[in-house]
Amino acid sequence: MKNENLYWIDSLRVLATFSVVFLHISSEILPQYGSVSNFDWWVGNIYDSSVRFCVPVFLMISGVLILSKTYESIGEYLKKRVLRILFPFLFWSIIYITKDIFFKFLHGEEMSLTEILKFSIIKLKNGACFHLWYIYMIIGLYLFFPIIGKWLNKSNKQELKYFIGIWLITIFAKLPFIKEIFPNIDLTYFSGYIGFPILGYYVNITIFSNSYKEKAISILLILTGILITIFGTFFITNYEGSFNHRFYDYLTPNVILVSVGVFLLFKNLAKCDTKISPVISFFSRYSYGVYLVHILVYILILSVFSKFGFSYSFLNPIVGIPIMSVLCFIISILIIWIINKLPYGKYISG
(Lines give C-alpha, C1' and ligand atoms only; values in the text may rest on other atoms or scores of the structure.)
Protein backbone atom coordinates (compact mmCIF):
# COMPACT_ATOMS: atom_id res chain seq x y z
CA MET A 1 0.00 0.00 0.00
CA LYS A 2 1.36 3.40 -0.92
CA ASN A 3 1.08 6.30 1.48
CA GLU A 4 -0.40 8.74 -0.94
CA ASN A 5 -3.00 11.44 -0.34
CA LEU A 6 -2.46 11.25 3.41
CA TYR A 7 -2.65 15.01 3.99
CA TRP A 8 -5.27 14.39 6.65
CA ILE A 9 -2.68 12.60 8.78
CA ASP A 10 -0.89 15.92 9.43
CA SER A 11 -4.12 17.53 10.60
CA LEU A 12 -4.87 14.53 12.81
CA ARG A 13 -1.36 14.64 14.30
CA VAL A 14 -1.73 18.33 15.15
CA LEU A 15 -5.09 17.66 16.81
CA ALA A 16 -3.59 14.79 18.84
CA THR A 17 -0.62 16.93 19.88
CA PHE A 18 -2.79 19.81 21.04
CA SER A 19 -5.09 17.32 22.78
CA VAL A 20 -2.15 16.02 24.83
CA VAL A 21 -1.41 19.58 26.01
CA PHE A 22 -5.11 20.18 26.67
CA LEU A 23 -5.39 16.89 28.59
CA HIS A 24 -2.48 17.62 30.91
CA ILE A 25 -3.77 21.08 31.76
CA SER A 26 -7.39 20.01 32.32
CA SER A 27 -6.33 16.99 34.39
CA GLU A 28 -4.96 19.25 37.14
CA ILE A 29 -8.47 19.74 38.53
CA LEU A 30 -9.52 16.09 38.64
CA PRO A 31 -7.56 14.76 41.66
CA GLN A 32 -9.01 17.69 43.64
CA TYR A 33 -12.45 16.08 43.67
CA GLY A 34 -14.24 17.20 46.83
CA SER A 35 -11.94 20.16 47.42
CA VAL A 36 -12.90 22.15 44.31
CA SER A 37 -16.40 23.13 43.28
CA ASN A 38 -18.51 20.56 41.47
CA PHE A 39 -18.68 22.93 38.51
CA ASP A 40 -14.89 23.18 38.18
CA TRP A 41 -14.47 19.42 38.53
CA TRP A 42 -17.13 18.71 35.91
CA VAL A 43 -15.44 21.11 33.48
CA GLY A 44 -12.15 19.27 33.96
CA ASN A 45 -13.87 15.89 33.60
CA ILE A 46 -15.68 16.85 30.39
CA TYR A 47 -12.57 18.42 28.86
CA ASP A 48 -10.29 15.55 29.83
CA SER A 49 -12.76 12.87 28.72
CA SER A 50 -13.09 14.53 25.32
CA VAL A 51 -9.39 14.32 24.41
CA ARG A 52 -8.46 10.86 25.70
CA PHE A 53 -8.09 9.73 22.08
CA CYS A 54 -4.75 11.56 21.76
CA VAL A 55 -2.30 8.73 22.55
CA PRO A 56 -4.25 5.99 20.71
CA VAL A 57 -4.49 8.25 17.65
CA PHE A 58 -0.72 8.88 17.74
CA LEU A 59 -0.24 5.10 17.64
CA MET A 60 -2.81 4.63 14.87
CA ILE A 61 -0.97 7.25 12.80
CA SER A 62 2.25 5.29 13.32
CA GLY A 63 0.47 2.22 12.01
CA VAL A 64 -0.47 4.05 8.81
CA LEU A 65 2.89 5.70 8.18
CA ILE A 66 5.31 3.01 9.31
CA LEU A 67 3.69 -0.41 9.08
CA SER A 68 2.77 0.04 5.42
CA LYS A 69 6.35 0.79 4.39
CA THR A 70 9.14 -1.60 3.51
CA TYR A 71 12.80 -1.05 4.36
CA GLU A 72 15.91 -2.47 2.74
CA SER A 73 17.35 -3.56 6.07
CA ILE A 74 16.78 -3.48 9.81
CA GLY A 75 19.69 -1.05 10.08
CA GLU A 76 18.04 1.40 7.68
CA TYR A 77 14.78 1.17 9.63
CA LEU A 78 16.44 1.72 13.01
CA LYS A 79 18.32 4.75 11.68
CA LYS A 80 15.22 6.36 10.17
CA ARG A 81 12.78 5.58 12.95
CA VAL A 82 14.31 4.67 16.30
CA LEU A 83 17.32 7.02 16.30
CA ARG A 84 15.09 9.85 15.11
CA ILE A 85 13.08 9.72 18.34
CA LEU A 86 15.89 8.56 20.63
CA PHE A 87 18.23 11.59 20.50
CA PRO A 88 15.54 14.24 21.22
CA PHE A 89 14.16 12.01 23.97
CA LEU A 90 17.57 11.76 25.67
CA PHE A 91 18.17 15.50 25.31
CA TRP A 92 14.87 16.51 26.89
CA SER A 93 15.20 13.82 29.57
CA ILE A 94 18.46 15.47 30.62
CA ILE A 95 16.72 18.86 30.62
CA TYR A 96 13.94 17.55 32.91
CA ILE A 97 16.47 15.89 35.22
CA THR A 98 18.49 19.10 35.39
CA LYS A 99 15.32 21.00 36.24
CA ASP A 100 14.55 18.60 39.11
CA ILE A 101 18.09 18.85 40.49
CA PHE A 102 17.97 22.64 40.22
CA PHE A 103 14.74 22.79 42.23
CA LYS A 104 16.22 20.46 44.86
CA PHE A 105 19.13 22.85 45.35
CA LEU A 106 16.74 25.80 45.25
CA HIS A 107 14.82 24.31 48.18
CA GLY A 108 18.02 23.84 50.18
CA GLU A 109 18.54 20.15 49.56
CA GLU A 110 22.20 19.23 49.30
CA MET A 111 23.32 16.48 46.91
CA SER A 112 26.77 15.04 46.34
CA LEU A 113 28.02 14.22 42.86
CA THR A 114 27.36 10.53 43.55
CA GLU A 115 23.79 11.29 44.63
CA ILE A 116 23.23 13.42 41.52
CA LEU A 117 24.46 10.60 39.29
CA LYS A 118 22.31 8.04 41.12
CA PHE A 119 19.27 10.34 40.92
CA SER A 120 19.86 10.88 37.18
CA ILE A 121 20.22 7.17 36.44
CA ILE A 122 17.01 6.33 38.31
CA LYS A 123 15.20 9.10 36.46
CA LEU A 124 16.45 7.87 33.07
CA LYS A 125 15.41 4.34 33.95
CA ASN A 126 11.89 5.22 35.04
CA GLY A 127 11.23 8.44 33.14
CA ALA A 128 12.55 11.93 33.73
CA CYS A 129 8.99 13.31 33.60
CA PHE A 130 5.62 11.57 33.87
CA HIS A 131 4.60 12.15 30.24
CA LEU A 132 7.74 10.47 28.88
CA TRP A 133 6.25 7.03 29.60
CA TYR A 134 4.91 7.28 26.05
CA ILE A 135 8.41 7.44 24.57
CA TYR A 136 9.52 4.31 26.45
CA MET A 137 6.43 2.54 25.16
CA ILE A 138 6.78 3.74 21.55
CA ILE A 139 10.47 2.76 21.41
CA GLY A 140 9.44 -0.79 22.34
CA LEU A 141 6.78 -0.79 19.62
CA TYR A 142 9.16 0.67 17.04
CA LEU A 143 11.62 -2.16 17.70
CA PHE A 144 8.82 -4.64 16.95
CA PHE A 145 7.41 -2.82 13.90
CA PRO A 146 9.80 -4.34 11.31
CA ILE A 147 8.58 -7.81 12.33
CA ILE A 148 4.87 -7.04 12.51
CA GLY A 149 5.10 -4.90 9.36
CA LYS A 150 6.25 -7.86 7.28
CA TRP A 151 3.25 -9.83 8.44
CA LEU A 152 0.79 -6.99 7.85
CA ASN A 153 1.89 -6.38 4.26
CA LYS A 154 1.30 -10.05 3.42
CA SER A 155 -1.95 -10.43 5.35
CA ASN A 156 -5.49 -10.21 4.09
CA LYS A 157 -8.31 -8.41 5.87
CA GLN A 158 -9.60 -11.58 7.51
CA GLU A 159 -6.24 -12.11 9.20
CA LEU A 160 -6.17 -8.47 10.33
CA LYS A 161 -9.67 -8.83 11.74
CA TYR A 162 -8.53 -11.97 13.54
CA PHE A 163 -5.72 -10.11 15.33
CA ILE A 164 -7.84 -7.04 16.11
CA GLY A 165 -10.69 -9.23 17.34
CA ILE A 166 -8.51 -11.07 19.85
CA TRP A 167 -6.89 -7.77 20.86
CA LEU A 168 -10.35 -6.38 21.66
CA ILE A 169 -11.08 -9.52 23.69
CA THR A 170 -7.99 -8.76 25.81
CA ILE A 171 -9.36 -5.25 26.37
CA PHE A 172 -12.73 -6.51 27.59
CA ALA A 173 -11.12 -9.32 29.59
CA LYS A 174 -9.51 -6.68 31.83
CA LEU A 175 -12.83 -5.08 32.79
CA PRO A 176 -13.62 -5.54 36.52
CA PHE A 177 -16.52 -7.97 36.25
CA ILE A 178 -15.31 -9.88 33.19
CA LYS A 179 -11.77 -10.58 34.44
CA GLU A 180 -13.26 -12.51 37.38
CA ILE A 181 -14.81 -15.10 35.06
CA PHE A 182 -12.48 -14.94 32.04
CA PRO A 183 -10.50 -18.18 31.51
CA ASN A 184 -6.79 -18.03 32.34
CA ILE A 185 -5.74 -18.06 28.67
CA ASP A 186 -2.43 -16.36 27.92
CA LEU A 187 -3.19 -13.72 25.28
CA THR A 188 -0.08 -11.67 26.04
CA TYR A 189 1.04 -11.52 22.41
CA PHE A 190 -2.27 -9.95 21.35
CA SER A 191 -2.49 -7.42 24.19
CA GLY A 192 -1.26 -3.93 24.96
CA TYR A 193 -0.60 -0.91 22.79
CA ILE A 194 0.45 -2.91 19.70
CA GLY A 195 -3.26 -3.15 18.85
CA PHE A 196 -3.57 0.57 18.07
CA PRO A 197 -1.01 0.71 15.20
CA ILE A 198 -2.55 -2.41 13.65
CA LEU A 199 -6.03 -0.93 14.11
CA GLY A 200 -4.90 2.29 12.41
CA TYR A 201 -3.40 0.32 9.54
CA TYR A 202 -6.64 -1.65 9.11
CA VAL A 203 -9.01 1.33 9.34
CA ASN A 204 -6.91 3.24 6.81
CA ILE A 205 -7.11 0.49 4.15
CA THR A 206 -10.83 -0.08 4.74
CA ILE A 207 -12.93 1.73 2.16
CA PHE A 208 -16.51 2.78 2.91
CA SER A 209 -18.78 2.91 -0.12
CA ASN A 210 -20.91 5.60 1.52
CA SER A 211 -19.00 8.59 2.92
CA TYR A 212 -22.09 9.88 4.74
CA LYS A 213 -22.44 6.53 6.50
CA GLU A 214 -18.75 6.64 7.44
CA LYS A 215 -19.14 10.15 8.85
CA ALA A 216 -22.29 9.19 10.79
CA ILE A 217 -20.57 6.13 12.28
CA SER A 218 -17.52 8.17 13.29
CA ILE A 219 -19.63 10.83 15.05
CA LEU A 220 -21.67 8.14 16.82
CA LEU A 221 -18.49 6.42 18.02
CA ILE A 222 -17.04 9.71 19.29
CA LEU A 223 -20.16 10.77 21.18
CA THR A 224 -20.77 7.32 22.67
CA GLY A 225 -17.18 6.94 23.85
CA ILE A 226 -16.97 10.43 25.34
CA LEU A 227 -20.28 10.10 27.20
CA ILE A 228 -19.23 6.74 28.67
CA THR A 229 -15.92 8.28 29.79
CA ILE A 230 -17.55 11.36 31.32
CA PHE A 231 -20.32 9.63 33.25
CA GLY A 232 -18.34 6.48 34.02
CA THR A 233 -15.63 8.61 35.63
CA PHE A 234 -18.18 10.61 37.59
CA PHE A 235 -20.11 7.61 38.93
CA ILE A 236 -17.05 5.62 40.00
CA THR A 237 -15.43 8.73 41.52
CA ASN A 238 -18.62 9.68 43.33
CA TYR A 239 -19.05 6.11 44.59
CA GLU A 240 -15.49 5.87 45.95
CA GLY A 241 -15.36 9.45 47.21
CA SER A 242 -12.08 10.18 45.46
CA PHE A 243 -10.97 10.54 41.87
CA ASN A 244 -10.75 7.27 39.93
CA HIS A 245 -9.27 7.40 36.43
CA ARG A 246 -10.25 3.89 35.31
CA PHE A 247 -12.38 5.15 32.42
CA TYR A 248 -9.53 7.43 31.32
CA ASP A 249 -7.18 4.52 30.59
CA TYR A 250 -6.23 4.36 26.92
CA LEU A 251 -6.77 0.61 26.74
CA THR A 252 -10.50 0.79 27.51
CA PRO A 253 -13.46 0.19 25.17
CA ASN A 254 -14.79 3.74 25.57
CA VAL A 255 -11.47 5.40 24.64
CA ILE A 256 -11.05 3.01 21.70
CA LEU A 257 -14.50 4.03 20.42
CA VAL A 258 -13.54 7.73 20.45
CA SER A 259 -10.14 7.04 18.89
CA VAL A 260 -11.58 5.07 15.97
CA GLY A 261 -14.29 7.69 15.53
CA VAL A 262 -11.81 10.59 15.36
CA PHE A 263 -9.56 8.63 13.01
CA LEU A 264 -12.48 7.78 10.70
CA LEU A 265 -13.79 11.35 10.75
CA PHE A 266 -10.48 12.84 9.61
CA LYS A 267 -10.05 10.10 7.01
CA ASN A 268 -13.49 10.96 5.67
CA LEU A 269 -12.85 14.72 5.67
CA ALA A 270 -9.72 14.11 3.59
CA LYS A 271 -11.94 13.30 0.63
CA CYS A 272 -13.00 16.95 0.57
CA ASP A 273 -9.46 18.36 0.43
CA THR A 274 -6.24 17.11 -1.15
CA LYS A 275 -3.96 19.89 0.08
CA ILE A 276 -2.75 20.78 3.52
CA SER A 277 -2.52 24.23 5.07
CA PRO A 278 1.07 25.50 5.54
CA VAL A 279 0.18 26.27 9.16
CA ILE A 280 -0.96 22.67 9.78
CA SER A 281 2.15 21.39 8.04
CA PHE A 282 4.32 23.61 10.27
CA PHE A 283 2.61 22.46 13.47
CA SER A 284 2.75 18.82 12.37
CA ARG A 285 6.48 18.99 11.69
CA TYR A 286 7.27 19.99 15.27
CA SER A 287 4.63 17.86 17.01
CA TYR A 288 7.11 15.42 18.57
CA GLY A 289 9.14 18.26 20.03
CA VAL A 290 5.99 19.86 21.42
CA TYR A 291 5.13 16.60 23.16
CA LEU A 292 8.58 16.47 24.73
CA VAL A 293 8.78 20.09 25.91
CA HIS A 294 5.20 21.07 26.75
CA ILE A 295 5.28 19.99 30.41
CA LEU A 296 8.35 22.14 31.02
CA VAL A 297 6.63 25.06 29.29
CA TYR A 298 3.49 24.54 31.37
CA ILE A 299 5.54 24.57 34.60
CA LEU A 300 7.21 27.82 33.54
CA ILE A 301 3.89 29.40 32.56
CA LEU A 302 2.37 28.44 35.91
CA SER A 303 5.34 29.85 37.82
CA VAL A 304 5.02 33.16 35.99
CA PHE A 305 1.24 33.30 36.22
CA SER A 306 1.21 32.37 39.91
CA LYS A 307 3.12 35.56 40.70
CA PHE A 308 0.14 37.48 39.38
CA GLY A 309 -2.43 35.19 40.99
CA PHE A 310 -3.38 33.46 37.73
CA SER A 311 -3.96 29.76 37.04
CA TYR A 312 -6.12 27.58 34.78
CA SER A 313 -9.15 29.05 36.61
CA PHE A 314 -8.07 32.70 36.47
CA LEU A 315 -11.30 33.55 34.65
CA ASN A 316 -13.23 30.33 34.67
CA PRO A 317 -12.04 26.76 33.89
CA ILE A 318 -14.25 26.77 30.79
CA VAL A 319 -12.15 29.60 29.36
CA GLY A 320 -8.98 29.30 31.42
CA ILE A 321 -8.09 25.74 30.37
CA PRO A 322 -8.33 26.42 26.61
CA ILE A 323 -6.38 29.69 26.95
CA MET A 324 -3.61 28.02 28.96
CA SER A 325 -3.54 25.13 26.47
CA VAL A 326 -3.20 27.38 23.43
CA LEU A 327 -0.53 29.46 25.16
CA CYS A 328 1.44 26.36 26.17
CA PHE A 329 1.10 24.87 22.68
CA ILE A 330 2.27 28.02 20.86
CA ILE A 331 5.23 28.64 23.19
CA SER A 332 6.26 24.98 22.85
CA ILE A 333 6.14 25.26 19.06
CA LEU A 334 8.28 28.41 19.13
CA ILE A 335 10.88 26.80 21.41
CA ILE A 336 11.21 23.73 19.19
CA TRP A 337 11.31 25.88 16.03
CA ILE A 338 14.12 28.04 17.45
CA ILE A 339 16.14 25.02 18.58
CA ASN A 340 15.63 23.41 15.18
CA LYS A 341 17.23 26.45 13.52
CA LEU A 342 20.41 26.14 15.61
CA PRO A 343 23.41 24.12 14.34
CA TYR A 344 22.59 20.42 14.84
CA GLY A 345 19.37 21.52 16.51
CA LYS A 346 17.26 19.24 14.34
CA TYR A 347 18.85 16.20 16.03
CA ILE A 348 17.67 17.20 19.51
CA SER A 349 14.64 19.43 18.99
CA GLY A 350 12.28 16.63 18.08
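Nothing here was measured: the structure is a model prediction, and the numbers come from that model.

> Residue-level account of the overall build of the protein, with values.
For the protein, the helix and strand inventory stands at 14 helices and zero strands. In sequence order, the secondary structure elements of the protein are arranged as α-α-α-α-α-α-α-α-α-α-α-α-α-α. The C-alpha atoms of the protein give a radius of gyration of 21 Å, which matches the 20 Å a tight globule of 350 residues would have. A principal-axis box enclosing the C-alpha atoms of the protein has dimensions of 60 × 50 × 45 Å. Within the protein, one finds 29 positive and 18 negative side-chain charges whose respective centroids are separated by 9 Å.

> Give a description of the packing of aromatic side chains that names residues and reports values.
A full pass over the atoms with the stated rule returns 31 aromatic pairs. On the basis of an interplanar angle of 40 degrees and a centroid distance of 6.0 Å, the ring pair of F18 and F22 is categorised as tilted. In this pair, F18 and F22 are both assigned in helix α1 (residues 7-26), four residues apart and thus about one turn of the helix distant. Owing to a relative accessible area of 23%, F18 belongs among the partly exposed residues under this scheme. Here W133 and Y250 contribute two aromatic rings whose centre-to-centre distance is 6.0 Å and whose plane-to-plane angle is 20 degrees, an arrangement assigned as stacked. On the criterion of sequence distance, the pair formed by W133 in helix α6 (residues 133-153) and Y250 in the loop between α9 (211-240) and α10 (253-269) is long-range, its members being 117 residues apart. Under the relative-accessibility criterion, Y250 is labelled buried at 12%.

> For the pattern of salt bridges, give the residues involved together with the corresponding values.
Here the structure, examined in full by the defined rule, presents seven salt bridges. Residues D10 and R13 are paired through a salt bridge, measuring 3.0 Å at the closest nitrogen-oxygen approach. Of the two residues, D10 and R13 both sit in helix α1, three residues apart, roughly one turn of that helix. Judged by relative accessible area, which is 22%, D10 ranks as partly exposed.

> Can you lay out the nonpolar core for me, pointing to particular residues and giving the numbers?
Of all hydrophobic cores here, the largest spans 103 residues; its most connected members are Y134, I135 and F145. Setting aside residues no more than four positions away along its own chain, Y134 makes contact with V55, F58, L59 and Y291.

> Run through a nonpolar patch on the surface, naming residues and quoting values.
A cluster of nonpolar side chains, I219, L223, L227, F231 and F235, forms an exposed patch at the surface whose accessible area comes to about 490 Å². Note that F235 resides in helix α9. Residue F235 is classed as exposed on the basis of its relative accessible area of 53%.

> Please give an account of unusual backbone geometry that cites residues and values.
A positive phi is found at Y344, a non-glycine position, where the angle reads about 65 degrees. Counting through the fold element by element, Y344 comes out in the loop between α13 (317-341) and α14 (346-349).

> Explain the side chain of S155 to me, using residue names and the numbers behind them.
Here S155 shows up in the loop between α6 and α7 (157-173). On the basis of relative accessible area, S155 is assigned to the buried category, the value being 16%.

> Describe in detail helix α3 (residues 54-65), supporting the description with residues and values.
Over its twelve residues, α3 extends 17 Å from the first C-alpha to the last, a length consistent with the 16 Å expected when each residue adds 1.5 Å. Counting buried residues in α3 gives twelve out of twelve residues, a clear majority hidden from the surface. Along α3, the positions that sit buried rather than exposed are C54, V55, P56, V57, F58, L59, M60, I61, S62, G63, V64 and L65.

> I'd love a proper account of the environment of I185, names of residues and values included.
Mapping I185 onto the fold places it in the loop between α7 and α8 (195-205). Each C-alpha atom, one on I185 and one on T170, is 10.0 Å from the other, the two residues being 15 residues apart in sequence.

> Tell me about the state of the cysteines, and please be specific about residues and values.
Counting across every chain of the model gives zero disulfides. Lacking any disulfide linkage, C54 is separated from the closest cysteine sulfur, that of C328, by 14 Å.

> Pulling in residues and values, what's your account of the environment of P88?
Mapping P88 onto the fold places it in helix α4 (residues 74-106). For P88, a relative accessible area of 1% translates into the label buried. In sequence terms P88 and A16 are 72 residues apart; their C-alpha atoms lie 19 Å from each other. What P88 contacts, discounting residues up to four positions off in sequence, is L83, Y288, L292, Y347, I348, S349 and G350.

> Could you give me a rundown of the side chain of H131, with the residues and numbers involved?
With respect to the element layout, H131 can be found in the loop between α5 (113-126) and α6. Among the residues examined, H131 registers a relative accessible area of 0% and is labelled buried. Not counting the four nearest positions on each side in its chain, H131 is found in contact with H24, Y96, Y291, L292, H294 and I295.

> Go over α1, please, and point to the residues and values.
The end-to-end C-alpha separation of α1 is 29 Å, in line with the 28 Å expected for 20 residues at 1.5 Å each. Burial analysis of α1 places 15 of its 20 residues in the buried class, the great majority of the element.

> Can you tell me about the packing of helix α2 (residues 38-50) against α13, naming the residues and giving the values?
It is at 10 Å that the axes of α2 and α13 come closest, and there the two elements cross at 45 degrees. Classified by the interaxial angle, the pair formed by α2 and α13 is oblique. Note that α2 runs across α13; the crossing there is right-handed. Here α2 contributes F39, D40, V43 and Y47 to the contact with α13, which in turn contributes P317, I318, I321 and P322. Across the contact of α2 with α13, the residue classes tally to seven nonpolar, no polar and one charged.

Analysis parameters
Residues numbered from 1 in each chain as written. Predicted model: local features only at pLDDT ≥ 70, side-chain atom pairs only at ≥ 80, totals over all residues. Heavy atoms only, no water. Helix = DSSP H or I, 4+ residues; strand = E, 2+ residues; numbered from the N terminus. Rg over C-alpha atoms; globule rule 2.2 N^0.38 Å. Lys, Arg positive; Asp, Glu negative; His and termini not counted. Charge placed at Lys NZ, Arg CZ, Asp CG, Glu CD. Phe/Tyr/Trp six-rings, centres within 6.5 Å; stacked < 30°, edge-to-face > 60°. Buried < 20%, exposed > 50% of the residue type's maximum accessible area, 1.4 Å probe, protein only. Salt bridge = Lys/Arg side-chain N within 4 Å of Asp/Glu carboxyl O. Core = buried A, V, L, I, M, F, W, Y, C linked by side-chain atoms within 4.5 Å. Contact = heavy atoms within 4.5 Å. Patch = residues over 30% accessible without salt bridge, like charges linked within 9 Å, V, L, I, M, F, W, Y side chains within 5 Å. Areas by Shrake-Rupley, 256 points an atom, 1.4 Å probe, with all protein chains shown as cover. Expected span 1.5 Å × (residues − 1). Disulfide = S-S within 2.5 Å. Axes fitted to C-alpha atoms, helices over the stretch in contact; angles between N-to-C directions. Parallel < 35°, antiparallel > 145°, perpendicular 65-115°, else oblique. Left-handed = near helix turned anticlockwise from the far one by under 90°. Nonpolar A, V, L, I, M, F, W, Y, C, P; charged D, E, K, R; others polar.

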